Amino acid sequence: MSQQVCIIGGGVIGLASAYALVRQGFEVTLVEAQESLGSQTSFANGGQLSYRYVAPLADAGVPWQALGWMLKGDSPLKLRPRLDPAQWRWLAGFLGACRHSVNQRNAAHLLRLALLSQSTLQRWREEDGLQGFDWRSNGKLVTFREPGSFEHARHNLADSRQQQALSAAECTALEPTLGDTPFVGGIYTPDEEVADCHAFCLQLAARLQASGRCDILLGQRVRAIRQEGDRVRAIDLGERQLPVKHLVLAAGHRSPELRLPGLKLPLYPLKGYSLSVPIGPQHRAPEISITDYNRKIVYARIGQQLRVAAMVDIVGFDPSPDPGRLSLMRRQAEQTFADAGDYQAAIEWAGMRPATPSGVPLIGATAYRNLWLNLGHGALGFTLACGSGQLLGELIGQCSTSIDMQGLMPRVA
Ligand SMILES: Cc1cc2nc3c(=O)[nH]c(=O)nc-3n(C[C@H](O)[C@H](O)[C@H](O)COP(=O)(O)OP(=O)(O)OC[C@H]3O[C@@H](n4cnc5c(N)ncnc54)[C@H](O)[C@@H]3O)c2cc1C
């Protein structure tokens, strides 16, 4: 008889987990609080499948750089200190992860997981014919406005066989829409990809429903997890309790609300914003994904829209958009790619990245023998979703894992 798994959370992580589990022969029940899937942080993110640009935000020099940013009005980072121990704990953990050696170690864990994600998505596309989410292999160019940061990036390439340092002129030759933007150079990674994360979620959901091996329960907020000794036995849905054999927590930045004795989840939401700018026949939008490194803005052409995404706001759990931050982002995007699309018609969005202090997600077992985690993917959840789901299925199925799990397993219970 096949094993049964219940997953809390219908974002890209929960859905990719469900898809990987069904593919590996499990029966799945996926429980989602909202009436639709992929409607929270997975809705309008940057769309970049950034497999080789995975270095965590926490790095040597970042705390000083962040102090400088916070004194500027146009900073990509905003910190509003709150009377919230979770925020202080997260910031303390972040500072602890800012040593260069720790950053390098965590970047290596993320790279391993990202490359597994790339090959997993490729398999799902090729073997299952998964499509309909504006996937393209379009390459990514990270552009630098400051010589110091360009030099640092040149010497710290994640994968020197796959990444090339280019002069400003070479960048413009590759992506002519960059025009005369004052870049000093860039790092080009030809194998990076782009897609629409929300459409990807819907395609996974359609396949899951068609499989006959997955029940999707929408509009069902899990109020609590019931445990007995070292096992979880049910989830509380308000009007009823649903018994569980294996339970996966993939509820994004809201996961810590589901408390269990001894389980401490080091997650905090990092709010960010996006604009979806329609591209008409008269517009000139970049074909290659662009990351404007010094302004921390990413641009990705997804179908007939330019997705612009940016900002890290450490301001608590309020998900509402900040008009000032959005208009700063729009101004900066228009300065860089003035003719890329109809900015007046752009759709604004805010999302909460579920971030661990180190930037490395938590995938795997807990002290509760049948409770598993797949959360904390921060700024890279779309990139890392397929590999994370694949690993989770292998761990629950007690198979050997596709990659070394060192650094990726939770130490939270
Ligand atoms: C501005 C911005 C740009 C980004 N750009 C990129 C990018 O270019 N590339 C990339 O790889 N990543 C990017 N990300 C990160 C990525 O979007 C996230 O890491 C990813 O969406 C997280 O997915 P998730 O499934 O963990 O969370 P979510 O998508 O938030 O899903 C969690 C789900 O759990 C549900 N839930 C919560 N609590 C409960 C409960 N008690 N009961 C039932 N259901 C519950 C929620 O309703 C939600 O649907 C970006 C994020 C932001 C904000």
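Heads up: the structure comes first, above all this text.
The sections below set out a description of the structure shown in this document. (Residues numbered from 1 in each chain as written. Predicted model: local features only at pLDDT ≥ 70, side-chain atom pairs only at ≥ 80, totals over all residues. Heavy atoms only, no water.)

Let's shift gears to the packing of aromatic side chains. On inspection of all chains with the given rule, the structure shows 9 aromatic pairs. With a centroid separation of 5.7 Å and an interplanar angle of 50°, the aromatic rings of Phe 200 and Phe 382 are classed as tilted. Taken together, the residues Phe 200 in helix H7 (residues 197-211) and Phe 382 in helix H9 (residues 381-396) connect sequence positions 182 residues apart. Phe 382 matches Phe 200 in its accessibility class, with the two residues each being buried. Look at Tyr 268 and Phe 317: their rings are 5.5 Å apart centre to centre, the planes differ by 75°, and that puts the pair in the edge-to-face class. You can see Tyr 268 sitting in strand S14 (residues 268-278) and its partner Phe 317 sitting in the loop between strand S17 (305-314) and helix H8 (323-336), a full 49 residues away along the chain. (Phe/Tyr/Trp six-rings, centres within 6.5 Å; stacked < 30°, edge-to-face > 60°. Helix = DSSP H or I, 4+ residues; strand = E, 2+ residues; numbered from the N terminus. Buried < 20%, exposed > 50% of the residue type's maximum accessible area, 1.4 Å probe, protein only.)

As a matter of local geometry, the ligand sits amid 38 residues, with Glu 32, Ser 42, Gln 48, Gly 378 and Thr 383 nearest to it. One nitrogen or oxygen atom from the side chain of Glu 32 is found 2.6 Å from an oxygen atom belonging to the ligand. At 2.7 Å from an oxygen atom of the ligand is found a main-chain nitrogen or oxygen belonging to Thr 383. Relative to its unbound accessible surface of 1,000 Å², the ligand loses 97% to contact with the protein. Elements with a contribution of two residues or more to the shell around the ligand: helix H1 (12-23), S14, strand S18 (347-355) and H9. Among the elements that line the shell around the ligand, the one with the most residues is S18, at 4 residues. (Near = heavy atom within 4 Å. Polar contact = N/O pair within 3.5 Å; in protein donor to acceptor, adjacent residues only side chain to side chain. Areas by Shrake-Rupley, 256 points an atom, 1.4 Å probe, with all protein chains shown as cover.)

Bringing the sheet that holds strand S12 (residues 241-243) into the picture now. If you walk across this open sheet you meet the 3 strands as S10-S11-S12, and the pairing is antiparallel. Edge strands, defined here as strands with exactly one partner in the open sheet, are strand S10 (224-228) and S12. Sheet twist, expressed as the mean angle between neighbouring strand axes with direction ignored, is 35°. One ladder, built from 3 bridges, connects strand S11 (residues 231-236) with S12; its direction is antiparallel. Within S12, the residue paired with Asp 236 across the bridge is Gln 241. (Pairing = 2+ DSSP bridges. Axes fitted to C-alpha atoms, helices over the stretch in contact; angles between N-to-C directions.)

For the pair H1 and helix H4 (residues 100-128), interaxial distance at closest approach is 13 Å and the crossing angle is 55°. The pairing of H1 with H4 is recorded here as oblique in orientation. As for how H1 packs across H4, the hand of that crossing is left-handed. Together, Ala 16, Tyr 19, Ala 20 and Arg 23 of H1 and Arg 123, Trp 124, Glu 127 and Asp 128 of H4 make up the contact between the two elements. Among the residues making up the contact of H1 with H4, the classes are represented as 4 nonpolar, no polar and 4 charged. (Parallel < 35°, antiparallel > 145°, perpendicular 65-115°, else oblique. Left-handed = near helix turned anticlockwise from the far one by under 90°. Contact = heavy atoms within 4.5 Å. Nonpolar A, V, L, I, M, F, W, Y, C, P; charged D, E, K, R; others polar.)

The next point concerns the sheet that holds strand S20 (residues 371-375). What the 6 strands build is an open sheet, ordered S9-S2-S1-S13-S20-S19; its pairing is mixed. Each end of this open sheet is capped by a strand with a single partner; those strands are strand S9 (214-217) and strand S19 (362-365). Taking the axes of each pair of neighbouring strands and ignoring which way they run, one obtains an average angle of 15° across the sheet. Here 5 bridges tie strand S1 (residues 4-8) to strand S2 (residues 27-31), and the two strands are oriented parallel to one another. Across the sheet, Gln 4 pairs through a bridge with Glu 27, a residue of S2.

Unusually for a residue other than glycine, Asp 134 sits at a positive phi of about 55°. When you line up the elements, Asp 134 lands in the loop between H4 and strand S5 (140-144). Positive phi, normally seen in glycine, also occurs at Lys 296, with a value near 55°. Following the sequence through the fold, Lys 296 ends up in the loop between strand S15 (289-292) and strand S16 (297-302).

What sets the pattern is the α-helix's 3.6 residues per turn: residues three or four places apart point alike. For H1, which comprises 12 residues, the first-to-last C-alpha distance of 16 Å matches the rise-based estimate of 16 Å (1.5 Å per residue) to within 8%. Every buried residue of H1 is accounted for by Val 12, Ile 13, Gly 14, Leu 15, Ala 16, Ser 17, Ala 18, Tyr 19, Ala 20, Leu 21 and Val 22. Where H1 terminates, the next one or two residues include Gly 25, which has phi positive at roughly 100°. (Expected span 1.5 Å × (residues − 1).)

Checked against the element boundaries, Val 360 lands in the loop between S18 and S19. Here Val 360 falls in the buried class, since its relative accessible area comes to 4%. A C-alpha to C-alpha distance of 17 Å links Val 360 and Thr 41, two positions 319 residues apart in sequence. Dropping the residues within four chain positions of it, Val 360 is found in contact with Asn 106, Leu 110, Gly 376, Gly 407 and Leu 408.

This part is about the nonpolar core. Ile 7, Trp 124 and Phe 200 are the most contacted members of the largest nonpolar core, which totals 54 residues. Elements supplying a minimum of two residues to this core: S1, H1, S2, H4, H7, S9 and H9. Broken down by element, this core gets its largest block of residues, 9 residues, from H1. Setting aside chain neighbours within four positions, we find Phe 200 in contact with Val 12, Leu 121, Trp 124, Leu 130, Phe 133, Phe 382 and Cys 386. One finds Phe 337, Ala 340, Ala 346 and Ala 350 within the second-largest nonpolar core, a separate group that totals 28 residues. (Core = buried A, V, L, I, M, F, W, Y, C linked by side-chain atoms within 4.5 Å.)

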